[in-house]
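Here are the chains, one letter per residue:
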Amino acid sequence: MQQLLDNAQPNQARVSGVEGDIARLEELIAELRGQMTQSNSGAGSLAQVTSQLRMAEVDLETRTLMMQEALQSLEAARTEANRQVRYLSLGVNPVPPDEPTYPRAFENTILAFLIFSGIYLMISITASILREQVTS
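Rules and cut-offs
- Here the residue numbering is sequential within each chain, running from 1 through the sequence in written order.
- For a predicted model such as this one, the threshold for reporting local features is a pLDDT of at least 70, and the threshold for listing and counting side-chain atom pairs is 80 or more; totals across whole chains, interfaces and linings nevertheless cover every residue.
- Computation of side-chain values covers all heavy atoms of the structure but excludes hydrogens and water.
- Each helix is a run of H or I in the DSSP string that is no shorter than four residues. Each strand is a run of E no shorter than two, and both are numbered from the N terminus.
- The globule rule used here is 2.2 Å times the number of residues to the 0.38 power, and the radius of gyration it is set against is calculated over C-alpha atoms.
- With a 1.4 Å probe rolled over the protein chains alone, any residue whose accessible area is under 20% of its type maximum counts as buried; one over 50% counts as exposed, and the rest are partly exposed.
- A 1.4 Å probe and the Shrake-Rupley method give the accessible areas. Residues count as covered only by the protein chains that appear here.
- Charge counting treats Lys and Arg as positive and Asp and Glu as negative, with His and both chain ends excluded.
- A charged residue contributes its charge at one atom only: NZ of Lys, CZ of Arg, CG of Asp or CD of Glu.
- We count a salt bridge whenever a side-chain nitrogen from Lys or Arg sits within 4 Å of a carboxyl oxygen from Asp or Glu.
- Two joining distances apply to patches: 9 Å for like charges and 5 Å for nonpolar side chains (Val, Leu, Ile, Met, Phe, Trp, Tyr), and every residue must have over 30% relative accessible area and no salt bridge.
- Confidence of the predictor in every single residue is expressed as pLDDT, which spans 0 to 100.
- As used in this structure description, the phrase polar contact means that two N or O atoms lie within 3.5 Å; if the pair is within protein, one of them must be able to donate a hydrogen and the other to accept it, and residues adjacent in sequence are counted only when both atoms belong to side chains.

## Thoughts on the overall build of the protein chain
Helix and strand counts for the protein chain come out as four helices and zero strands. Across the protein chain, helices and strands are ordered from the amino to the carboxyl terminus as α-α-α-α. Scaling as 2.2 N^0.38, a compact globule of 136 residues should have a C-alpha radius of gyration of about 14 Å, whereas the protein chain reaches 53 Å, well beyond that. A burial count over the protein chain gives 4% of its 136 residues as buried. Here the protein chain has roughly 12700 Å² of accessible surface; of this, 61% comes from carbon and sulfur atoms. Side chains of the protein chain give 10 positive and 16 negative charges; the mean places of these two sets differ by 6 Å.

Here is the structure:
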């Protein structure tokens, strides 16, 4: 438009055609700007969608960071558990003996017999001493 008006005697038909083109382009630009900032068909404006997208990206980054921290914590706990398992596990499983070591029925029977015989002898000696004391 400016180029046409720079001429000393511009062609009026071309100037009006260019002015019409400029008016149509400005209307198209205004319409597109309106679509970007105003909601249409319930989808929300482009500015709203962009702000929601930015918020979702920030939330995604936060959740990703939280997930990475949780995975690191899980790996640290797994390593600590594996380190402690070494103290809890047996190096070699014990070999069971051919004969049971406990209970020892025969030895316990003899031990009980000896203890009760000792008690019987103590009681019988005490009783005989008392009888002898009473008779004298």
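Moving on from the model shown.
## A word on the pattern of salt bridges
Overall, the coordinates contain five salt bridges when judged by the stated rule. Between glutamate 57 and arginine 54 there is a salt bridge whose closest N-O contact spans 3.1 Å. A residue pair is termed a helical-turn pair when its members lie 3 or 4 positions apart in one helix, as glutamate 57 and arginine 54 do in helix α3 (residues 46-88) at three residues. Classification of glutamate 57 as partly exposed rests on a relative accessible area of 33%. With its nearest N and O atoms 3.6 Å apart, the salt bridge here joins arginine 63 to aspartate 59. Within this pair, arginine 63 and its partner aspartate 59 are both found in helix α3, separated by four residues, close to a single helical turn. For aspartate 59, a relative accessible area of 39% translates into the label partly exposed.

## Structural notes on a nonpolar patch on the surface
On the surface, a nonpolar cluster with roughly 520 Å² of combined accessible area is contributed by Leu111, Ile115, Phe116, Ile119 and Ile123. Relative to the assigned elements, phenylalanine 116 resides in helix α4 (residues 105-135).

## Side note on the environment of glutamate 31
Mapping glutamate 31 onto the fold places it in helix α2 (residues 12-37). Looking at glutamate 31, the relative accessible area reads 48%, which means it is partly exposed. C-alpha of glutamate 31 to C-alpha of leucine 74: the two residues are 43 residues apart in sequence and 54 Å apart in space.

## Some words on the confidence of the model for the protein chain
Chain-level pLDDT for the protein chain is 87 on average; 94% of the residues reach the 70-or-more range. Mean pLDDT values over the elements of the protein chain span from 80, in helix α1 (residues 2-5), up to 95, in α4.

## Details of the environment of threonine 126
By the element assignment, threonine 126 lies in helix α4. For threonine 126, a relative accessible area of 44% corresponds to the partly exposed category. Reaching out from threonine 126, the side chain makes a polar contact with the backbone oxygen of methionine 122 at a distance of 2.7 Å.

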